[in-house]
Each structure stands twice: as structure tokens, then as C-alpha cells.
Amino acid sequence: MAKSRAGATEDDVVTIKKYANRRLYDTERSCYITLEDLGTMVRDGRDFRVVDAKSGDDITHNVLTQIIMDEETRGETLLPVNFLRHLIGMYGDKMQSMVPQYLEASMTAFRKNQQDVRSALEGALGSNPLAELTRRNMEMFQQAAGAFIPGASGGSKAKDAEIAALKAEVAELKAALAKKH
């Protein structure tokens, strides 16, 4: 079996047919899809190739470029203007042939660093970093509240007894005031 990008075999690559009416057909699921669906497939790591339904030509590059254009026009800008200018400036340059490999290697390194950072954060904060952060914040809040509000930091037996004594004292004071009126 031939290998495609991302280490998938050709059998793992979904074929998408693009018809003259600009509709995209997913041959694996036997249904029409949108460019947004293809974007989701990319984010999910699903490999696909897009072919022109009439000629059979591989047009994956053009379709992926269209997805980027659609994302950029929706306000999801990822590519800075200076980067785009530099990229356009590379067309026709003597070094043009080296740009795709350089960009791919750079993106691969960026993705690896991104995964390393995520792994480090998960290792430092446990498998659910937000839950751990919330738990720590609640502990600090309870400790701080315990300094000002009796019983707020956990309810130990000594504090419960102190609260009961204070309640009894308040009840006695209320009873004494009621007798005076």
C-alpha cells in the first residue's frame, strides 16, 4: 500500500469528488458535504483528497486554499499581512522551491511544541487542569474565609462547638432583651 501524508495508507484517505456545480461529495459516507465539513475533517486529523469529478484531477491543494480563504474572510485571521506579503514575494523567486518544505517543517515543529506544552500543563495540573485549578482556588477561598467567618473553612468539631456556644449566647441575649420589653 502506498503511503500518503500524515502516515495514512491510501485506504485511509477519503476521496471527495467536486462536481462542476461546486458541490462536494464524500464517497466514504455517500453524502454531499461543505467546505466547513472538510475543515472539520482536517481539524479531526482525517485525511482526504479532493478530485475533480469530470477530469479526475487532484484538486486538494486548491480546495484547502479555499478553506483558508473562507476562514480568513470570516474574521478568523491567522495569517498576518506581513507574512502574506512575504509569501507572495516568494513566488517567482529562486528560492521558491524551498519554501513549501521549510513551511511544512516549521509547522511540524510548531505542532510538536504545542503538544509538549499541553502535556507539560496536564502533568503539572493533573489530567483535568481546570478542575484542579478550581479545587485549589476553593481551598484558598475557604482558608481565607475561615479567618473571617467561623466555620467557613471546613467545620471541625472545635469550631462547631464554638458556633453552638455562640448561638446559645445569642439566644440568651434575645431572651433577656425580650423580657425587658
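Nothing here was measured: the structure is a model prediction, and the numbers come from that model.

Just to check I follow, could you spell out the overall build of the protein for this structure?
Helix and strand counts for the protein come out as six helices and four strands. A total of 181 residues make up the protein; the buried ones form 13% of that total. In the protein, the share of contacts with a sequence separation of at least 24, taken over all contacts with a separation of at least 6, comes to 34%.

Before we go on, may I ask you to explain helix H2 (residues 60–73) in this structure?
Because each turn of an α-helix spans 3.6 residues, side chains separated by three or four positions in sequence point in the same direction. Between its first and last C-alpha atoms H2 spans 20 Å; for 14 residues at 1.5 Å apiece the expected length is 20 Å, and the two agree. Of all the positions in H2, only Thr60, Val63, Ile67 and Glu72 are classed as buried. Buried positions along H2 lie against strand S1 (14–18), helix H1 (35–43) and strand S4 (48–52). Phi turns positive, to about 95°, at Gly75, one or two residues after H2.

When you look at the layout of surface pockets in this model, what are you seeing that I'm missing?
Rolling a probe over the atoms, with the probe sized like a water molecule, indicates the empty space that remains. A volume near 2,600 Å³ is recorded for the largest pocket. Lining of the largest pocket is provided by 40 residues; of these, Val42, Leu64, Ile68, Leu103 and Met107 occupy positions nearest its centre. Of all the secondary structure elements, the ones that give two or more residues to the lining of the largest pocket are H1, H2, helix H3 (81–90) and helix H4 (99–125). Broken down by element, the residue count for the lining of the largest pocket peaks at 10 residues, all from H4.

Whenever I open this one, empty space enclosed by the protein confuses me. Can you help?
Tallied over the full model, the rule gives one cavity of 30 Å³ or more. By volume, the largest cavity is sized at about 40 Å³. Elements represented by at least two residues in the lining of the largest cavity include exactly H1 and H2. By residue number, the principal contributor to the lining of the largest cavity is H1, which donates four residues.

I keep staring at the pattern of salt bridges and nothing clicks. Help me out?
Any two side chains of opposite charge can pair, so long as their charged atoms come close to each other. Evaluation of the coordinates by the stated rule reveals five salt bridges. Note that Arg74 and Glu71 form a salt bridge whose closest N and O atoms lie 3.0 Å from each other. Judged by its relative accessible area of 22%, Glu71 is partly exposed. Here Asp116 ties to Lys112 by a salt bridge, and the two come within 2.8 Å at their closest N and O atoms. Of this pair, Asp116 and Lys112 both sit in helix H4, separated by four residues, roughly a single helical turn. By relative accessible area, Asp116 is classed as partly exposed at 37%.

Would you take a moment to explain the pairing of S1 for this structure?
Sheet faces and side chains relate simply in a regular strand, where the side chains alternate between the two faces. Of the strand pairs in this sheet, S1 and S4 are connected by five bridges, and their pairing is parallel. Its bridge partner lying in S4, Thr15 is registered against Arg49. Pairing between S1 and strand S2 (residues 24–26): three bridges, direction antiparallel. Residue pairing across strands places Ile16 opposite Asp26, the latter belonging to S2. Linking S1 back to S2 in an antiparallel pair, the connection comprises five residues, with Arg22 at a positive phi of about 75°.

Rules used in this analysis
Residues numbered from 1 in each chain as written. Predicted model: local features only at pLDDT ≥ 70, side-chain atom pairs only at ≥ 80, totals over all residues. Heavy atoms only, no water. Helix = DSSP H or I, 4+ residues; strand = E, 2+ residues; numbered from the N terminus. Buried < 20%, exposed > 50% of the residue type's maximum accessible area, 1.4 Å probe, protein only. Contact = heavy atoms within 4.5 Å. Expected span 1.5 Å × (residues − 1). 1 Å grid on protein atoms, 1.4 Å probe; cavity = no way out; pocket = protein on both sides within 12 Å on 5 of 7 lines; lining within 4 Å. Points joined across faces, edges and corners; volume = space filled by probe spheres on them. Salt bridge = Lys/Arg side-chain N within 4 Å of Asp/Glu carboxyl O. Pairing = 2+ DSSP bridges.

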